[in-house]
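# Per-entry structural report
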Amino acid sequence: MAERLIGLMSGTSLDGVDGVLALVEGDGRLTVHHHASRPFEPALRAELLALNTPGPDELHRAALAANGVARAYAQVVHQLLQDAGLGPGAVAALGAHGQTVRHQPLAVDGVGYTVQLLNAPLLAELAGIPVVADLRSRDLAAGGQGAPLVPPFHRAQFGQPDATLAVLNLGGISNLSVLPPDGSPAAVLGFDCGPGNALLDLWCQRHRGQPYDADGAWAAGGRVQAPLLAALRAEPYFVLPPPKSTGRDLFHAGWLDRHLAGFPGLAPADVQATLAALTAGVCVDDVRRHAPGAARLVVCGGGALNGDLMRRLQAGLPALRVESSAALGLPPQQVEAAAFAWLAWRRLQGLPGSLASVTGARGERVLGALHAA
Ligand SMILES: Nc1ncnc2c1ncn2[C@@H]1O[C@H](COP(=O)(O)OP(=O)(O)O)[C@@H](O)[C@H]1O
Ligand SMILES: [Mg+2]
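Everything numeric in this text was worked out from a predicted model, so none of it was measured. (Residues numbered from 1 in each chain as written. Chains lettered and ligands numbered in written order. Predicted model: local features only at pLDDT ≥ 70, side-chain atom pairs only at ≥ 80, totals over all residues. Heavy atoms only, no water.)

### Some details on the sheet that holds strand S12 (residues 321-324)
Across the sheet, five strands lie side by side as S10-S9-S8-S11-S12; this open sheet has mixed pairing. Each edge of the open sheet is held by one strand with a lone partner, namely strand S10 (189-195) and S12. Mean inter-strand twist for the sheet, computed between neighbouring axes without regard to direction, equals 20 degrees. Taken together, the five bridges between strand S8 (residues 165-170) and strand S11 (residues 296-300) define a ladder with parallel strand orientation. Each residue of the ladder has a partner; that of Leu168, found in S11, is Val299. Sheet strands touched by helix H11 (residues 307-316): S8, S11 and S12. Its angle to S12, the strand with the most contacts, is close to 160 degrees. (Pairing = 2+ DSSP bridges. Helix = DSSP H or I, 4+ residues; strand = E, 2+ residues; numbered from the N terminus. Axes fitted to C-alpha atoms, helices over the stretch in contact; angles between N-to-C directions. Contact = heavy atoms within 4.5 Å.)

### Quick look at helix H9 (residues 253-260)
Every buried residue of H9 is accounted for by Trp255, Leu256, His259 and Leu260. Along the long axis of H9, the arc covered by the buried residues comes to 130 degrees, so they all point the same way. Where the residues of H9 are buried, they touch helix H6 (198-208), helix H8 (226-233) and helix H10 (268-290). (Buried < 20%, exposed > 50% of the residue type's maximum accessible area, 1.4 Å probe, protein only. Arc of directions from axis to C-beta.)

### Describing the pattern of salt bridges
Under the definition given, this model contains eleven salt bridges. A salt bridge links Asp257 to Arg206, with the nearest nitrogen and oxygen atoms 3.0 Å apart. Of this pair, Asp257 sits in helix H9 while Arg206 sits in helix H6, placing them 51 residues apart in sequence. Overall, the relative accessible area of 31% leaves Asp257 in the partly exposed class. For Glu323, the salt bridge goes to Arg296, with nearest N and O atoms at 2.5 Å. Linking Glu323 in strand S12 with Arg296 in strand S11, this pair joins segments that are 27 residues apart in sequence. Side by side, Glu323 and Arg296 carry an identical accessibility label, which is buried. (Salt bridge = Lys/Arg side-chain N within 4 Å of Asp/Glu carboxyl O.)

### Thoughts on the domain arrangement of the protein
As assigned here, the protein comprises domain 1 (3-146 + 334-371) and domain 2 (151-328). The contact between domain 1 and domain 2 buries some 2000 Å² in all, and 56% of this surface belongs to carbon and sulfur atoms. Among the residues domain 1 hides against domain 2, the three largest losses belong to Thr12, Val335 and Val358. Together they make up 29% of the total. At the surface where domain 1 touches domain 2, the tally comes to zero salt bridges. Inspection of the region where domain 1 meets domain 2 yields ten residue pairs in polar contact (both at pLDDT 80 or more). When contributions to the side of domain 1 that touches domain 2 are tallied by element, the ones reaching two or more residues are helix H1 (42-50), strand S5 (99-108), helix H12 (335-349) and helix H13 (356-359). When residues in the side of domain 1 that touches domain 2 are grouped by element, the largest group, five residues, is from H12. Here the side of domain 1 that touches domain 2 is built from residues that sort into ten nonpolar, ten polar and three charged. (Domains from an automatic or database assignment. Buried area = accessible area lost by both parts, 1.4 Å probe. Polar contact = N/O pair within 3.5 Å; in protein donor to acceptor, adjacent residues only side chain to side chain. Nonpolar A, V, L, I, M, F, W, Y, C, P; charged D, E, K, R; others polar.)

### Thoughts on the site of ligand 1
In the vicinity of ligand 1, 19 residues are found, and the nearest of them are Ser13, Gly172, Asp201, Asp215 and Gly302. In this structure, Gly11 approaches ligand 1 through a main-chain N or O atom, which is 3.2 Å from an oxygen atom. Contact with the protein chains covers 87% of the free accessible surface of ligand 1, which is 570 Å². Residues that form the shell around ligand 1 fall into these classes: three nonpolar, ten polar and six charged. (Near = heavy atom within 4 Å. Areas by Shrake-Rupley, 256 points an atom, 1.4 Å probe, with all protein chains shown as cover.)

### Considerations on the nonpolar core
Leu176, Leu256, Leu297 and Leu313 are the most contacted members of the largest nonpolar core, which has 46 residues in total. In terms of residue count, H10 provides more of this core than any other element does, eleven residues in total. When neighbours within four sequence positions are excluded, Leu256 is seen to be in contact with Leu199, Leu202, Trp203, Leu232 and Leu275. Val17, Leu21, Phe40 and Val76 belong to the second largest nonpolar core, which has 35 residues in total. (Core = buried A, V, L, I, M, F, W, Y, C linked by side-chain atoms within 4.5 Å.)

Structure below.
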């Protein structure tokens, strides 16, 4: 029987909350019916960004921020219900990611932690809908990275019967899924490549006072600085073998500034061009290395709307067709939220949500804590 689910995602870009209201069939096929998004209030955004870095009175501040995230998510839920003309009882569950403020997958003795701020009980109260939250922790407990969680959804939604498909999500961080054809003994691969929009956004905010470089036009007008690019590319994370995952814990303003200190006086537009070349180049190398059989690269996340990044990807992968996920029926801004609706559906069915071949966990696990309406 088909069920309605809502997926809610707020990623490392910290641009706000994306939500979808989706119908999931008994076999797991998902169709998005409504999409809503809402930026974070500036004060909440600033606090969430600050909480990515150790600071004073963190427990109290994190708890209050988690309440703020729940309220922001609830507003998106109300918008979706209004758009659909439905009451809360029509939705089986919300799959809610929360806002990552720490991701330390292998912190101590091989068992790490990941922190997504969200007061899930408050969201259940405000929405009147059951909430599936904390979707990453169980995979970490089983020895995995807890990330990325989207590859099994990419497989279910985009997988091809007769061809290997590569799917690249360009959120704040970039992550790649490699989906072998149906029936292939090869395992699905998935891992975080490196910075997605995070560094581009940061530099654009600092020098232009805009949240992001629309269509990558500013980057497109700059000149890539090869010595700076080489220094940035020397980051050891880029050549670590999967499974691997990362976040603002590594790719933050301090990381960028440390590298830039060796290259004083560069024009800001040239730095932006170099960051675009870094972002795309790391993904290009990962596709070449890990998806040699793929003929198509499907791009999702807000970065798919950055024409400059898309052109750099296509230039680096001339043998592949680089295209937006819209070509496969799901607009790029909806894919991650749809993945969390699908993961909530898996949780309700008692089915595993993770892939051990992706996260490196001891096995596949049922993900998420369920809070009744
Ligand atoms: N029109 C656009 N041109 C360039 N970049 C865009 C555009 N629209 C969105 N983006 C980028 O996408 C980001 C949001 O992408 P998203 O997939 O929501 O990331 P996250 O999952 O990290 O929140 C923005 O911060 C911005 O960098
Ligand atoms: Mg976002």
